[in-house]
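Listed below, chain by chain, are the residues.
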Amino acid sequence: MSRIALATESADLRQRVQHASGEAVLALTTGALRTEPAHLFGPPDAAAPEVLVLDAGPGADEALALAARVEAGYPGTAVVLVSDRPAEIGLAALRSGVHDILEPGADVADIRSVLDRAARASRARAAAATGRHDDDAAAARGRVISVVSPKGGVGKTTVATNLAVGLARAEPDSTVLVDLDIQFGDVASALNLRAEYSLADAVHGPASRDTMVLKTFLTVHETGLYVLCGSDSPAAADAVTAEDVGRLLAMLASEFRHVVVDTAPGLSEHTLAAMDETSDLVLVTSMDVPGVRGMRKELDTLDALGMFPDARYVALNFADRRGGLSVADVEATLGTGVDLVLPRSRAALASVNAGVPLLQSEVRDPVTKHLRTLVRRYTTPEAAAVRTTVPAAVSTTGAREVAGQGAAASGRRKARHRGGRR
Ligand SMILES: Nc1ncnc2c1ncn2[C@@H]1O[C@H](COP(=O)(O)OP(=O)(O)OP(=O)(O)O)[C@@H](O)[C@H]1O
Ligand SMILES: [Mg+2]
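I will try to describe carefully the structure that is included in this document. (Residues numbered from 1 in each chain as written. Chains lettered and ligands numbered in written order. Predicted model: local features only at pLDDT ≥ 70, side-chain atom pairs only at ≥ 80, totals over all residues.)

### Structural notes on the overall build of the protein
Across its full length, the protein carries 19 helices and 13 strands. Buried residues in the protein amount to 43% of all 422 residues. (Helix = DSSP H or I, 4+ residues; strand = E, 2+ residues; numbered from the N terminus. Buried ≥ 20, exposed ≤ 12 C-beta atoms within 10 Å, placed from the backbone.)

Right, dumping it as structure tokens:
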């Protein structure tokens, strides 16, 4: 079969596409827009066209529906849409998995460059679908910084939103914040954001396969931070699997230097999936006996699972000596050092209520100062120079275990961390 297929009624367009490609083009009529891809091309194997050009005509719905079916079933085929309304239908086209849009009157040179780009994209997608990996892409992976705690209400969202805003302000276009507290997340409220799409929308359909499409599901905060909010409907969390979470974070880490993940209390299936992708862990506890004991148990569990990244940071929130506990007591109970002590502060409470993080308003407050220290941990030149280690295929679900390496990698990580956390 030809490398390029074209569905159009226009003999003139057919001629230009033929000319641009320099080879025989599989000529289809626009009746193809209502036909199943399997009937047009057979199975999604190497014989399917690399590029499918669809002349959308006056209404694009049929072409977009076919593009979505091709995008879902034919990883080696990139769809190019021909439309005279690129601005109007651009976003819908992107979400349907369309690779590029051509104007009906495009000249041969334009058509040639669009066809070349689309063919390159289809080869890359086919390689990804067959599991061939690009070492350079792996090396360029951003940090995934997960903020976790066993208990609720200890300051995870406060820390995560401030860290993300601080990173976005320090390094424009560098940071995305993911609200993985999918059921009851309040990142949107802490940032005073109205999100059109939630995490549950972004893990299905073309956004789950194409990072460019995924980016259109993110909400941009006024600080330049990209945000993927939790869902308004607690039931939506049921539709999000651990695999979805792992794939989402890996895709975001291929695009952003910093992926900050706010989590629900405890070690839910979603949080454990995030841990698989986590390069840097921020553990938050309140300064009281139940909080610190809970954290100790969480540390032990993560240790036992071999899920402790090398880079971790312990934040003690609501610090108040009047409670009868000292930082030394907390460190002794945890068996590890405390890196950040955040005092109880009225400004912190007010900032969450106002939906303006302390590192956005820059309110003078001890907590603001300490949160800046946390941001610097990831932005100094030394921090940037340290290559983050991504947990290698240590999957609690088994879903991402790379042929036979999962158990070995898990064993390695356990060995690495055996004998104490620090
Ligand atoms: N250092 C602090 N001083 C005063 N109030 C704080 C401080 N840190 C957090 N808070 C307040 O405590 C409340 C809980 O904080 P936050 O929402 O960040 O916790 P969380 O761990 O994300 O909770 P959840 O588990 O319910 O998601 C919020 O109202 C927040 O404003
Ligand atoms: Mg929270």
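### Thoughts on the sheet that holds strand β11 (residues 280–286)
Strand order in this open sheet of eight strands is β8-β9-β7-β10-β6-β11-β12-β13, and the pairing throughout is mixed. The open sheet is flanked by β8 (219–220) and β13 (340–343), the only strands paired with a single partner. The pairing of β8 with strand β9 (residues 226–228) spans two bridges and is classified as antiparallel. The partner of V220 across the bridge, within β9, is Y226. Relative to the sheet, helix α7 (residues 156–170) contacts β6 (143–148), β7 (175–179), β10 (258–262), β11 and β12 (311–319), its axis offset from that of β10 by approximately 165°. (Pairing = 2+ DSSP bridges. Contact = placed C-beta atoms within 7 Å. Axes fitted to C-alpha atoms, helices over the stretch in contact; angles between N-to-C directions.)

### Some words on unusual backbone geometry
Unlike most non-glycine residues, N192 shows phi in positive territory, near 55°. In this structure, N192 sits in the loop between α8 (187–190) and α9 (199–202). Here N192 falls in the partly exposed class, since 13 other C-beta atoms lie within 10 Å of it.

### Let's talk about the site of ligand 1
Residues in close proximity to ligand 1 total 19 residues, the closest being G152, K156, T157, T158 and V352. Where the shell around ligand 1 is concerned, the elements lending two or more residues are α7, β12 and α15 (346–354). (Near = placed C-beta within 6 Å.)

### Description of the packing of helix α13 (residues 289–305) against helix α14 (residues 327–334)
Two elements in contact, α13 and α14, have axes whose closest approach is 9 Å; the angle formed by their N-to-C orientations is 30°. Regarding α13 and α14, the two cross each other, and that crossing is right-handed. Between α13 and α14, the contacting residues are V292, R293, M295, R296 and L299 on the first element and V330, T333 and L334 on the second. Per-class residue counts for the contact of α13 with α14 are five nonpolar, one polar and two charged. (Left-handed = near helix turned anticlockwise from the far one by under 90°. Nonpolar A, V, L, I, M, F, W, Y, C, P; charged D, E, K, R; others polar.)

### Topic: the pairing of β6
For β6, a buried count of six out of six residues is recorded, marking the element as mostly surrounded by other parts of the structure. Residue alternation in β6 divides its side chains into two sets, R143, I145 and V147 and V144, S146 and V148, and both sets are buried. Of the strand pairs in this sheet, β6 and β11 are connected by four bridges, and their pairing is parallel. Each bridged residue has a counterpart across the sheet, and for I145 the counterpart in β11 is D280.

### Focus on the sheet that holds strand β4 (residues 78–82)
The strand order β2-β1-β3-β4-β5 describes an open sheet built from five strands, whose pairing is parallel. The open sheet has two edge strands with one neighbour each: β2 (26–28) and β5 (98–102). Between one strand axis and the next, the sheet turns through 20° on average, direction left out of account.

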